[in-house]
Amino acid sequence: MSKNHKRRFPRLTLARRRTPPGSAPGTLTIDPAAPKPEIRLFAYSADAFLEQKLSDPAQIAQYRNKYPVLWIDLDGLGDESVLKSIATQFNLHPLAMEDVVNVHQRSKVDQYGDHLYMVSRMVTFNDRLHAEQVSLFLGRDFVITFQEHPGDVFDPLRDRIRTNKGRIRKLAADFLAYSLIDAIIDSYFPVLETYGESIETLEDHAAFKPDRPCMTRIHDLRHDLLALRRAIWPQRESLNSLLRLELPLITPETRLYLRDAYDHCVQIIDIIETYRELTSGLMEVYLSSLSNRLNEVMKVLTIIATIFIPLSFIAGVWGMNFQHMPELRWTFGYPLAITLMALTALAFLIYFWRKGWLTSTVDPPTNDHKQ
C-alpha cells in the first residue's frame, strides 16, 4: 500500500502501556502523553441537584454525605497526585487504581471491600474508530468514573440528571452505575450502523469495481470489526457477573435493568458476528469479480486474435510474391484483398454476436435492494 493511500478505516490500536516488570503492586505508571484531569461533580437527590467543575480534588470533601448520590467524573489520567487524592478520599484499592492508569484492561468486575470496580470499553466513530477504557467505581453513595480523554457518550445521561427526567434521581448510586454502563453499551449501535452502511457500499464496489483500494477497505473493515468484538465480548461476561453474584451494592430492581443491558450486549455481539461473516463474503465477492474481469479481458483478446488469424492468412498468401502469381499484376488485386479481409472480419463478428460472445457477462448494479 502506498504512503499516499488514505485508509478509510484506520486500524484501532489498543494501548499497551504497562507497569514496568518488578514494580510493587498498586504502582501508578502515568503516561506522559495523557491529558491533565478535568473533574466534574454531580450531586443529586429526588428534589435537589448540583453540578460543579472542580479545580482541586480536595473540594470533593465538602459535598460528601450531603446528597444521596455523588458522581465524580474525571476526564484525563495525566496527574498522579489527583488520582491518589481521589483514591485516598474514597478508600479506593491500589490494585484497582493501577488498572485505572493501565488502559489495556478488558471489561471486568472486581469487588474490593465496600466498593466495586468495573471496567468497560467505550467506542465512538468520527471519521475513524476510537475506543477508550472507562473505569467505574461504585460505592454505597458514590460513583466515580475515570476516562482517558475528554468527550464521551454520557451527555444524554447528564441531561436526564439535570432535568430530573426518568427515575435516575429517585434511585440509588447503583442505578447511576447501570445507566453509565448502559450508555457505553448503546454507543456501539450507531458505530455498527456506520459499518453496516459501509458494508453495503463495499458490496457494490467489490462486485462491479474491484480494485486495490476496495481490497484495502475490506481488510481494514475486518480488522475494526475484530477490535469491536474484542471490546464488547468481555463486557457480556462482566454483566453476567453482576447478575449472578450476590453483591450488596446492587439492588434487585437494578438487576432487572442490568438484565436488559445484558440483552443489548448479546445483540451487539450477534450483529458484529454477522458483519464479520458478511465481510468475509465480501473478500470472496472481490476475488470472484477480479476473476470475471480477467475473463472479460481474455475474451476480448481472444476475439481480436481469432479475427486476425484469417486476416493474417490472407495477407500471407498475397505476400508470398511468387513469380507466376496471377494477382500480382492485377489492377483490382489490392482492393480485392482488403475487401476479402473486411468481409471475413465482419463474418466473424456476426458469428460471435449471434453466439452471445460479444455481450458482457457482468450485469450493471441496481438499487432495487436498497429500496
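See the structure above.
The paragraphs below set out a description of the structure included in this document. Not measured: the values here are computed from a predicted model.

1. Side note on the sheet that holds strand β6 (residues 129–138)
Then comes step 1: Taken together, the seven strands give an open sheet; going across it, the order is β2-β1-β3-β7-β6-β5-β4, and neighbouring strands pair in mixed fashion. Pairing within the sheet leaves two strands with one partner each, and these edge strands are β2 (49–54) and β4 (108–112). When strand polarity is set aside, the average angle formed by the axes of neighbouring strands in this sheet is 20°.
Then comes step 2: Here strand β1 (residues 38–44) runs beside strand β3 (residues 69–75); their pairing, made up of seven bridges, is antiparallel. Among the inter-strand pairings, R40 is bridged to a residue of β3, identified as D73.
Then comes step 3: Packing against the sheet, helix α2 (residues 94–101) makes contact with β4, β5 (115–125), β6 and β7 (142–147), and its axis sits at approximately 165° to β6.
Then comes step 4: Of the strands in this sheet, β1, β2, β3 and β7 touch helix α3 (residues 155–163), which is tilted by about 40° from β1.

2. Observations regarding the pairing of β4
Then comes step 1: Across five bridges, the pairing between β4 and β5 is antiparallel. The residue bridging K108 from the neighbouring strand is V119, located in β5.
Then comes step 2: Two successive antiparallel strands, β4 and β5, enclose a turn made up of two residues, where G113 displays a positive phi of approximately 60°.

3. Brief notes about the packing of helix α4 (residues 173–186) against helix α5 (residues 188–208)
Then comes step 1: Remark: α4 packs on α5, axes separated minimally by 5 Å, with the N-to-C direction vectors making an angle of 0°. Taken together, α4 and α5 sit at an angle that is classed as roughly parallel. Residues I184, I185 and D186 of α4 pack against Y188, F189 and P190 of α5.
Then comes step 2: Of the residues contributing to the contact of α4 with α5, the split by class is five nonpolar, no polar and one charged.

4. What to know about the pairing of β6
Then comes step 1: With nine of 10 residues buried, β6 lies mostly within the body of the structure.
Then comes step 2: Examined bridge by bridge, β5 and β6 share 10 bridges and lie antiparallel to one another. In the sheet register, Y117 faces β6, and the bridge partner there is F137.
Then comes step 3: Counting the residues that bridge the hairpin from β5 to β6 gives three residues, and of these D127 lies at a positive phi of roughly 75°.
Then comes step 4: Looking at chain direction, β6 and β7 are connected through five bridges and run antiparallel. When the sheet's bridge partners are listed, V134 is paired in β7 with Q147.

Quick notes on the rules
- Residues numbered from 1 in each chain as written.
- Predicted model: local features only at pLDDT ≥ 70, side-chain atom pairs only at ≥ 80, totals over all residues.
- Heavy atoms only, no water.
- Pairing = 2+ DSSP bridges.
- Helix = DSSP H or I, 4+ residues; strand = E, 2+ residues; numbered from the N terminus.
- Axes fitted to C-alpha atoms, helices over the stretch in contact; angles between N-to-C directions.
- Contact = heavy atoms within 4.5 Å.
- Parallel < 35°, antiparallel > 145°, perpendicular 65-115°, else oblique.
- Nonpolar A, V, L, I, M, F, W, Y, C, P; charged D, E, K, R; others polar.
- Buried < 20%, exposed > 50% of the residue type's maximum accessible area, 1.4 Å probe, protein only.

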